[in-house]
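A look at the structure
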Protein chains: 2
Amino acid sequence: MRNIKIIIEYDGKNFAGWQNQPGKVSVQGEIERALHEVTDEEINVMASGRTDAGVHALGQVANFHTNTNIEIHKIPYAINSKLPKSIRVTSAEEVEERFHARYNCKGKTYRYIINNHEFPSALNRFREFHIAQELNVEEMKKALQFFEGTHDFKGFKSSGGSEKKTTVRTLTKCELKEENKIITVELSGDGFLYNMVRIIVGTIVDVGLGKIKADDIPDIIASCDRTKAGKTLPPHGLYLVQVNYL
Amino acid sequence: MRNIKIIIEYDGKNFAGWQNQPGKVSVQGEIERALHEVTDEEINVMASGRTDAGVHALGQVANFHTNTNIEIHKIPYAINSKLPKSIRVTSAEEVEERFHARYNCKGKTYRYIINNHEFPSALNRFREFHIAQELNVEEMKKALQFFEGTHDFKGFKSSGGSEKKTTVRTLTKCELKEENKIITVELSGDGFLYNMVRIIVGTIVDVGLGKIKADDIPDIIASCDRTKAGKTLPPHGLYLVQVNYL
């Protein structure tokens, strides 16, 4: 059987998240339906991980097994022809039988976009989190640096989601850029707990508002106490940018 | 009576263009309805110019007369509270009685975004024109330079729209940037004919495809012949970025 790895972009606004849910339109469900139409097989598509309702993806990765003989370079065209335009398969690649998009994932990069203008953007209203109160960007940058490295992120995890054995994760990149009051936070790491990005950025926003001091971040991380961290920011500012494999 | 100038951002996807049209939802209609709800007056809103259905605005300018005594800094909040989120008034300013957003307009800047990736973007499907065939960006840049300056743009105008006396216009900036296969064209000028930006960029795309030679652009402009120019590109790649007044 062939094993095919695909890269997928989607507009989170239109879906109840990645994962199949009864009675709801999910990205996984749409891709599985499209594959069924194309191959006439019942195909299960496995992603690198779930994304919540409203969360966008620029480079989600998934794989599936199939007996179809469609040439590999034609696979994206075939699937896309059956998908809504809010989901695009941007590449397909033949991989070895044992490749698994979730188990073999070595790291991910997420982006969170904050609009700090007085008014929310009409065009980007489903694409960024708007906050009108002025944020201290320099303090936010300082605070974010404390997240880099290996920590127990127990305090930066929502309940629910899959319960993993360990809550220790390593963030290899924690970057914050600001341009014309649009603040972009990028986090890369070996793995992310449920809502971890949205809680880290929510905490950083509290620093920007002066509710939390940047220098208190190490203690907040060490406390492993969810109540000491900031709010979980809304999903529509979040993008799964890239998934890495060896 | 007060005369108030406002700057407006809108998502063109949701509207049948700027101008009121019977039975259709227009940006003008929505703003006039919102102003009526806020002031209980029948207010006519005059913009710097129309935008077609699907065309976006980052900085459309309009003005209106009112007897309301709402403080000027509260005007955007008041109007926005009655508008769909796909329209945002981003600023308001008291102007002199004789200011008119259209008659006093001294120039505009438009942007057109082309996606030259193999597949269209799921997230930006209503925000950029997608063309999969590879474009020669250097030739497009060369071609675009010929449009700068004062020309009779009769060949770059669709029929319809308001029939102005002269088709001579001056373009003060013609800029093309490319980054990761996203091509952004920005044109500034003292005025634009109906569909002029979309036809100029359509012509530049034909240069990128090798259908027209860059060096033939001066002759095509001089011919004043619409059939020699390229296609009118679709509206959803177009943004009214800024409107200038003295």
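Keep in mind that this is a model prediction, so the values were computed, not measured.

A word on the overall build of chain A
Within chain A one finds five helices and 10 strands. Here chain A has a C-alpha radius of gyration of 19 Å; the compact-globule value for 246 residues is 18 Å, and the two agree. Projected onto its principal axes, the C-alpha coordinates of chain A cover approximately 60 × 40 × 30 Å. When the 246 residues of chain A are sorted by exposure, 53% land in the buried category. Across chain A, every contact between residues at least 6 apart in sequence was considered, and the portion connecting residues at least 24 apart equals 71%. Accessible surface computed for chain A: about 11400 Å², of which carbon and sulfur atoms make up 48%. Looking at chain A, you have 33 positive and 32 negative side-chain charges, and the mean spots of the two groups are 2 Å apart.

Concerning the relation of the copies chain A and chain B
Under the fitted operation, chain A is carried onto chain B by 0.0 Å of movement along the axis and a turn of 180 degrees, and the coordinates agree to an RMSD of 0.0 Å. The symmetry that links the two subunits is that of a two-fold axis. Looking at the rotation axis and the C-alpha trace of chain A, the residue lying nearest is A:Asn124, at 5.2 Å. Taken as a fraction of all interface residues of chain A, those also at the interface in chain B reach 100%, which identifies the copy contact as same-surface.

Things to note about the interface of chain A and chain B
With 26 residues of chain A at the contact, the number on the chain B side is 26 residues. Considering only the surface of chain A that becomes buried against chain B, A:Phe119, A:Leu123 and A:Arg125 emerge as the three largest contributors, covering 36% of it. Along the contact surface separating chain A from chain B lie two salt bridges. For B:Asp11, the salt bridge is made with A:Arg125, and the minimal N-O distance between the two is 3.0 Å. At the level of secondary structure, the elements contributing two or more residues to the side of chain A that touches chain B comprise strand S1 (2–10), strand S3 (56–66), helix H2 (75–80) and strand S4 (87–95) of chain A. Examining the composition of the side of chain A that touches chain B, we find that four residues originate from one element, S4(A), more than from any other. Taken together, the residues of the side of chain A that touches chain B sort by class into 12 nonpolar, seven polar and seven charged.

A short note on the domain arrangement of chain A
Residues and elements named next belong to chain A. Along its sequence, chain A is organised into domain 1 (2–95) and domain 2 (107–244). Here domain 1 and domain 2 have C-alpha centroids that lie 28 Å from each other. Taken together, the contacts link 15 residues of domain 1 with 16 residues of domain 2. A buried area of about 1200 Å², summed over both sides, lies between domain 1 and domain 2, and 60% of it is on carbon and sulfur atoms. Per-residue buried area on domain 1 facing domain 2 is highest for Asp-52, His-56 and Leu-58; these three make up 41% of the total on that side. Our enumeration of links across domain 1 and domain 2 arrives at one salt bridge. Of the charged contacts in the structure, one is a salt bridge between Asp-52 and Arg-198, with a shortest N-O distance of 3.2 Å. Scanning the region where domain 1 abuts domain 2 turns up 10 residue pairs in polar contact (both at pLDDT 80 or more). Residue composition of the side of domain 1 that touches domain 2, grouped by class: five nonpolar, seven polar and three charged.

Quick word on the pairing of strand S3 (residues 56–66) of chain B
Residue and element names in this part refer to chain B. In terms of burial, S3 is a largely internal element, nine of the 11 residues being buried. By the bridge criterion, eight bridges tie strand S1 (residues 2–10) to S3 in an arrangement that is antiparallel. Directly across from Arg-2, in S3, lies its bridge partner Thr-66. Bridging between strand S2 (residues 46–47) and S3 involves two bridges; their strand directions are antiparallel. For Ala-47, the partnering residue across the bridge sits in S3 and is Ala-62. By the bridge criterion, two bridges tie S3 to strand S10 (residues 238–244) in an arrangement that is parallel.

Concerning the environment of A:Ile79
All names here are of chain A. Relative to the helices and strands, Ile-79 resides in helix H2. Residue classification places Ile-79 among the buried residues on the basis of a relative accessible area of 1%. When the C-alpha positions of Ile-79 and Met-196 are compared, they lie 32 Å apart, and in sequence the two are 117 residues distant. In contact with Ile-79, not counting residues within four places along its chain, are Ala-34, Leu-35, Val-38, Phe-64 and Val-89.

Here's the deal with unusual backbone geometry
Of note in this structure, A:Asn195 is not a glycine but carries a positive phi near 65 degrees. Relative to the helices and strands, A:Asn195 resides in the loop between strand S9 (182–189) and helix H4 (196–208). Phi at B:Asp40 is positive, roughly 65 degrees, even though this residue is not glycine. Tracing the chain through its elements places B:Asp40 in the loop between helix H1 (27–39) and S2.

So, the pattern of salt bridges
Residue and element names in this part refer to chain B. Counted by the stated rule, this structure contains 28 salt bridges over all chains. Put simply, Lys-5 and Glu-93 hold a salt bridge, and the shortest N to O gap is 3.8 Å. Residue Lys-5 is located in strand S1, and its partner Glu-93 is located in strand S4 (residues 87–95); the two are separated by 88 residues in the primary sequence. Judged by its relative accessible area of 15%, Lys-5 falls in the buried class.

Some details on the environment of B:Leu58
Inspection of the secondary structure assignment puts B:Leu58 in strand S3. Looking at B:Leu58, the relative accessible area reads 29%, which means it is partly exposed. Note: C-alpha distance between B:Leu58 and B:Val241 (183 residues apart in sequence) is 4.9 Å. When neighbours within four sequence positions are excluded, B:Leu58 is seen to be in contact with A:Leu123, B:Ile8, B:Glu9, B:Arg111, B:Tyr239, B:Leu240 and B:Val241.

What about the nonpolar core?
One finds B:Ile31, B:Ile114, B:Phe147, B:Phe156 and B:Ile200 to be the most contacted residues of the largest nonpolar core, which totals 70 residues. Taken domain by domain, this core gets at least three of its residues from each of domain 1 (2–95) and domain 2 (107–244) of chain B. Leaving out residues up to four positions away in the same chain, B:Ile114 has contacts with B:Phe129, B:Ile131, B:Leu135, B:Met140, B:Lys181, B:Ile182, B:Ile183, B:Val201 and B:Val205. Counting 69 residues, the second largest nonpolar core, distinct from the first, contains A:Leu135, A:Leu187, A:Ile199 and A:Ala229.

Thresholds applied
- Residues numbered from 1 in each chain as written.
- Chains lettered and ligands numbered in written order.
- Predicted model: local features only at pLDDT ≥ 70, side-chain atom pairs only at ≥ 80, totals over all residues.
- Heavy atoms only, no water.
- Helix = DSSP H or I, 4+ residues; strand = E, 2+ residues; numbered from the N terminus.
- Rg over C-alpha atoms; globule rule 2.2 N^0.38 Å.
- Buried < 20%, exposed > 50% of the residue type's maximum accessible area, 1.4 Å probe, protein only.
- Contact = heavy atoms within 4.5 Å.
- Areas by Shrake-Rupley, 256 points an atom, 1.4 Å probe, with all protein chains shown as cover.
- Lys, Arg positive; Asp, Glu negative; His and termini not counted.
- Charge placed at Lys NZ, Arg CZ, Asp CG, Glu CD.
- Least-squares fit on C-alpha atoms with pLDDT ≥ 70 in both.
- Buried area = accessible area lost by both parts, 1.4 Å probe.
- Salt bridge = Lys/Arg side-chain N within 4 Å of Asp/Glu carboxyl O.
- Nonpolar A, V, L, I, M, F, W, Y, C, P; charged D, E, K, R; others polar.
- Domains from an automatic or database assignment.
- Polar contact = N/O pair within 3.5 Å; in protein donor to acceptor, adjacent residues only side chain to side chain.
- Pairing = 2+ DSSP bridges.
- Core = buried A, V, L, I, M, F, W, Y, C linked by side-chain atoms within 4.5 Å.

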